Amino acid sequence: KFELKMNNLLSTTAKGYKTYVQTDKPIYKPGQTVRFRGFTVDATLKGVEERDGMSVSILNPDNIEVFAGKILAADRGMIHQGEFVLAEEAKLGNYQIILKGKRTVQCSFSVKEYVLPQFSAKIQGPGDIGKEDTVVRGKISANYTYGKPVEGKVNLKFAVDNKSQQNYSGPYYFKETTATLVRGSAKWEVDIGELTGSMKNRFNPWCTPTVLVVAATVSDENGGSIVEEVDSSTKFS
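Residues numbered from 1 in each chain as written. Predicted model: local features only at pLDDT ≥ 70, side-chain atom pairs only at ≥ 80, totals over all residues. Heavy atoms only, no water.

Draft legend 1. Spotlight on the overall build of the chain. From N to C terminus, the chain includes 1 helix and 18 strands. Counting the 237 residues in the chain, one finds 42% classified as buried. Residue pairs in contact within the chain that sit at least 24 positions apart in sequence constitute 62% of those at least 6 positions apart. Summed over all atoms, the accessible surface of the chain reaches about 12300 Å², with 48% contributed by carbon and sulfur. (Helix = DSSP H or I, 4+ residues; strand = E, 2+ residues; numbered from the N terminus. Buried < 20%, exposed > 50% of the residue type's maximum accessible area, 1.4 Å probe, protein only. Contact = heavy atoms within 4.5 Å. Areas by Shrake-Rupley, 256 points an atom, 1.4 Å probe, with all protein chains shown as cover.)

Draft legend 2. Main features of the side chain of threonine 23. With respect to the helices and strands, threonine 23 occurs in strand β2 (residues 17–23). A polar side-chain atom of threonine 23 sits 2.9 Å from the main-chain carbonyl oxygen of lysine 25. (Polar contact = N/O pair within 3.5 Å; in protein donor to acceptor, adjacent residues only side chain to side chain.)

Draft legend 3. Expanded view of the environment of phenylalanine 236. Within the fold, phenylalanine 236 resides in strand β18 (residues 226–236). Its relative accessible area of 5% is what places phenylalanine 236 among the buried residues. Expressed as a C-alpha distance, the spacing of phenylalanine 236 and lysine 131, which sit 105 residues apart in the sequence, is 8.0 Å.

Draft legend 4. Seen up close, the pairing of strand β11 (residues 119–124). Of the two faces of β11, the one holding Phe119, Ala121 and Ile123 is buried and the one holding Ser120, Lys122 and Gln124 is not buried anywhere. With 6 bridges connecting them, β11 and strand β13 (residues 135–144) associate as antiparallel partners. Pairing of isoleucine 123 across the sheet is with isoleucine 140, part of β13. (Pairing = 2+ DSSP bridges.)

Draft legend 5. A look at the environment of valine 154. Inspection of the secondary structure puts valine 154 in strand β14 (residues 152–161). Valine 154 sits in the buried class, given a relative accessible area of 2%. Residues valine 154 and threonine 178 lie 24 residues apart in sequence; the distance between their C-alpha atoms is 5.7 Å. When sequence neighbours within four positions are dropped, the list of residues in contact with valine 154 reads Ile140, Thr177, Thr178, Ala179, Ala186, Ala216, Thr217 and Val218.

Draft legend 6. Structural view of the pattern of salt bridges. What the rule picks out here adds up to 3 salt bridges. The salt bridge involving arginine 35 is made with glutamate 83; its shortest N-O contact spans 3.7 Å. Of this pair, arginine 35 sits in strand β4 (residues 33–41) while glutamate 83 sits in strand β8 (residues 80–85), and the two are 48 residues apart along the sequence. A salt bridge links glutamate 189 to arginine 137, with the nearest nitrogen and oxygen atoms 3.3 Å apart. (Salt bridge = Lys/Arg side-chain N within 4 Å of Asp/Glu carboxyl O.)

Draft legend 7. Region of interest: the sheet that holds strand β17 (residues 211–220). On the basis of which strands lie adjacent, the open sheet formed by 5 strands has the order β12-β18-β17-β14-β15 and mixed pairing. The outermost strands of the open sheet, each flanked by one partner alone, are β12 (128–129) and β15 (172–181). Summarising the sheet, β14 and β17 pair through 10 bridges and their orientation is antiparallel. Pairing of alanine 159 across the sheet is with valine 213, part of β17.

Draft legend 8. The pairing of strand β9 (residues 93–100), seen in detail. In this sheet, β9 lies alongside strand β6 (residues 54–59) in antiparallel orientation, the contact comprising 5 bridges. Its bridge partner lying in β9, serine 57 is registered against isoleucine 98. Here β9 pairs with strand β10 (residues 104–111) via 8 bridges, running antiparallel. Looking at β10, one finds that lysine 100 is bridged to threonine 104. Between β9 and the antiparallel strand that follows it, β10, lie 3 residues.

Draft legend 9. The arrangement of the packing of aromatic side chains in detail. Applying the stated criterion across every chain yields a total of 8 aromatic pairs. A centroid spacing of 5.5 Å and a plane angle of 55° characterise the contact between phenylalanine 67 and phenylalanine 84, whose relative ring orientation is tilted. A residue pair is termed long-range when its members are at least 10 positions apart, and phenylalanine 67 in strand β7 (residues 65–71) and phenylalanine 84 in strand β8 qualify at 17 residues. Grouped by ring-pair contacts, the aromatic residues Tyr28, Tyr95 and Phe109 constitute a single cluster. (Phe/Tyr/Trp six-rings, centres within 6.5 Å; stacked < 30°, edge-to-face > 60°.)

In structure tokens, the structure reads:
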């Protein structure tokens, strides 16, 4: 599943086209699979078909190419996606994905060793979203294993997901924000107008069974531990 983070999502714009590339996570461990996808939209936000596919190159922290290939859209769709398996001995650090279609764009992801989490995080949402709702609110809480609330930062990404949609290619992420954990808690909210406007011509969230996906990356104030959590319990009704 795909989730976006602004520092691993870049776009380039020229002559009315805008191209995006994204990974499903900002951080991986050696041996894990990096899933990525790219797409192009025009000035009206309508998806643009890349008939010849998109070329992909992945560079490791030493700027050495470790993957090269081409990704094609499934069933004449607009989303081009692929994957790359990191070696068990993959070099740690920042990697670059360079995507070439109508435009050339790149994003980054990190490879880090596994560290046993020192705390856990929990995302809470309203449970249901009705057509009369204009704003959706919730919160995230984080506590160390010994009970003390976590002081730190949280990166939140929001998506809609409906596996029954035609040409399904994973959750559609439309918003990202950051917040500060105060006494182990931070609030979040989503403007429904922003959601529906960003998905014009791409996704109808009111087609059941659609859910709101909230993905959180939490780091403590020392930056020594990072925990990822995803919640999809809130449904559009």
